[in-house]
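Letter by letter, the chains look like this.
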Amino acid sequence: MDRFTTIIEPFRIKSVEPIRLTTVEERDAHLRDAGYNLFNLHAADVLIDLLTDSGTGAMSSEQWAGIQRGDESYAGSPSWFRFLDAVTELWPFRHVIPTHQGRAAEKILFSVIGGPDKVIPSNTHFDTTRANVEFTGAEAIDLVIAEGREPSTIHPFKGNMDTDALDALIRERGVEHVPVVFVTVTNNSGGGQPVSLANLRAVREVCDRYGIPLFLDACRFAENAWFIREREDGYADTPIPDIVREMASLADGMTMSGKKDALANIGGWLAMNSDTWAEQCRNLLILTEGFPTYGGLSGRDLEAMAAGLREVVQEDYLRYRIRSTAYLGEALLEAGVPCVQPIGGHAVYIDARALLPHIPPLEYPGQSLAAALYREGGIRSVEIGTVMFGLHPDGSETPAPMELVRLAIPRRTYTQSHVDYCIEVIRWVAERASELRGYRIVEQPPALRHFTARFEPIR
Ligand code: F0G
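Note that the structure is predicted; figures quoted are calculated from it, not measured.

### Comments concerning the pattern of salt bridges
In total, this model carries 34 salt bridges according to the counting rule given. For D208, the salt bridge is made with R204, and the minimal N-O distance between the two is 2.9 Å. Placement of the pair is D208 and R204 together in helix α7 (residues 197-210), with a separation of four residues, close to one helical turn. In this structure D208 comes out as partly exposed when scored by relative accessible area, which is 49%. Here E315 ties to R229 by a salt bridge, and the two come within 3.0 Å at their closest N and O atoms. Taken together, the residues span a long stretch of sequence, with E315 in helix α12 (residues 315-334) and R229 in helix α8 (residues 221-231) at a distance of 86 residues. Since its relative accessible area comes to 32%, E315 is described here as partly exposed. Given a relative accessible area of 12%, R229 falls into the buried group. Where salt bridges share partners, they join D53, R220, E223, D261, R321 and R411 into one cluster.

Here it is as structure tokens:
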């Protein structure tokens, strides 16, 4: 093991899904039919699907065994208790409330603690988190450190929160208007960048000064823990579960999407220490998700997450996971494709503003690049820029801080040759970047428009 340096996929494949090859002409037609929105494509028309790492991973034989073991009792199922044990082994919060996915946890929590006079700071809110905050009339504010907004600036923990800005915000708005502080680990919208334990401690200190609870949006906690081990002084030999428990010890609660670092296809949870909030959240849970021991999930889903949580903190898995994402990113950087650096945990983010300087933000350079990657090579990515974040609740539109195209890597799903193919396609498109044109939106909903908007190329 020590003699050889090739990092292999630490699994072999037991069941395969065929990928259907398509031509440029076919994809051109599919793009037009989809209104140039890749969310509207039929997945069967996609060759390599890097739209998201959420719920798209391959499950292990242990997880499939758990699916078979799933007990579907309405209340108090053994599957629930196995799930609860797996969660609290890493996250020993007093209350664990299962939900069908992460945004359901957000919806419930912010329904309880949000509202028109509230402001919720985070390093960077993910789109569903921001939308759930704003839906209650509260304001969602991103306070990531300055380096976190600069795609090419190297910093080991670009997901860190600016604690001076947090302190200033709390004083300016008043403690009574800040019900919670959120930190997203890793920082998805900011490039899949990690948050250090030192930063979490510093955020905790600010929270303690004002008596405000700290919650983690912990979707990619294991990837974050791996970066802590690799990059933060004093953790090189600390087992990953211990790092996770240290993250937990600094927080009062969490929201979680089991579709990421619980290695499951569906599921999530909300956890917290507050008895008062937990009671209110459970009451809402029963209204919208289900009884508190299954919360919108089947027993088998709870089993899949329980097994996934034990696998996701294994070193062989995380080494392969982080290394295989970096492999894609480093190859693109070497080819001169500008990417957010350092390469994040679950995805590579191409800097479309730098690659397509001739397309102004309000003509959506990220959308243009994402459409081209699909047209030329059948790769589905997602714009994380002005399409996703440019439209405000009052209907106004401004450029997002960054114009990124995310290539999210499903967990344990694609092999190195799939990634080599992606590298070839992206290089080809990047060499012809000056030929790409902007887009205009012809149809859009008032919120979360990136899911359903329809576009038209600007000729
Ligand atoms: N928080 C973060 C940081 C996320 O990345 C996501 C989902 C959620 C919350 C919501 O979880 O999907 O289970 O409701 N992110 C996916 C993505 C959709 O593609 O990044 P969910």
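### Side note on the pairing of strand β4 (residues 139-142)
One ladder, built from four bridges, connects strand β3 (residues 119-122) with β4; its direction is parallel. Looking at the pairing, I120 lines up with A140 of β4. In this view, the connection linking β3 to its parallel neighbour β4 by way of helix α5 (residues 127-135) has right-handed handedness.

### Remarks on the nonpolar core
Among the nonpolar cores identified, the biggest contains 66 residues, and W91, V181, F221, M247 and W269 are the most heavily contacted of them. The residue makeup of this core includes at least three contributed by each of domain 1 (24-53 + 315-457) and domain 2 (61-311). Residues in contact with V181, not counting those within four places in the same chain, are P121, M161, L166, V203, C207, I212, P213, L214 and F215. Grouped together as the second largest cluster of nonpolar side chains are 47 residues, A34, A331, I343 and L373 included.

### Quick word on empty space enclosed by the protein
The full count for this structure, using the stated rule, is three cavities of 30 Å³ or more. Quantified by volume, the largest cavity comes out at close to 80 Å³. Around the largest cavity, the lining residues are N37, L38, F39, Q367, A370, S381, V382, E383, V387 and H450. Counting only elements with at least two residues in the lining of the largest cavity, the list comes to α14 (365-377) and β11 (382-384). Across the lining of the largest cavity, the residue classes break down as five nonpolar, four polar and one charged.

### Focus on the layout of surface pockets
In this structure, the largest pocket occupies an estimated 1400 Å³ of space. Around the largest pocket sit 38 residues that line it, and S15, E17, A58, R412 and T413 are the ones nearest its centre. Every element with two or more residues in the lining of the largest pocket is listed here: α2 (61-69) and α12. Ranked by residues supplied to the lining of the largest pocket, first place goes to α2 with three residues. When the residues that make up the lining of the largest pocket are grouped by side-chain class, the tally is 17 nonpolar, eleven polar and ten charged.

Here is what the cut-offs are and how they apply
Residues numbered from 1 in each chain as written. Predicted model: local features only at pLDDT ≥ 70, side-chain atom pairs only at ≥ 80, totals over all residues. Heavy atoms only, no water. Salt bridge = Lys/Arg side-chain N within 4 Å of Asp/Glu carboxyl O. Helix = DSSP H or I, 4+ residues; strand = E, 2+ residues; numbered from the N terminus. Buried < 20%, exposed > 50% of the residue type's maximum accessible area, 1.4 Å probe, protein only. Pairing = 2+ DSSP bridges. Right-handed = clockwise from strand over helix to strand, strands pointing away. Core = buried A, V, L, I, M, F, W, Y, C linked by side-chain atoms within 4.5 Å. Domains from an automatic or database assignment. Contact = heavy atoms within 4.5 Å. 1 Å grid on protein atoms, 1.4 Å probe; cavity = no way out; pocket = protein on both sides within 12 Å on 5 of 7 lines; lining within 4 Å. Points joined across faces, edges and corners; volume = space filled by probe spheres on them. Nonpolar A, V, L, I, M, F, W, Y, C, P; charged D, E, K, R; others polar.

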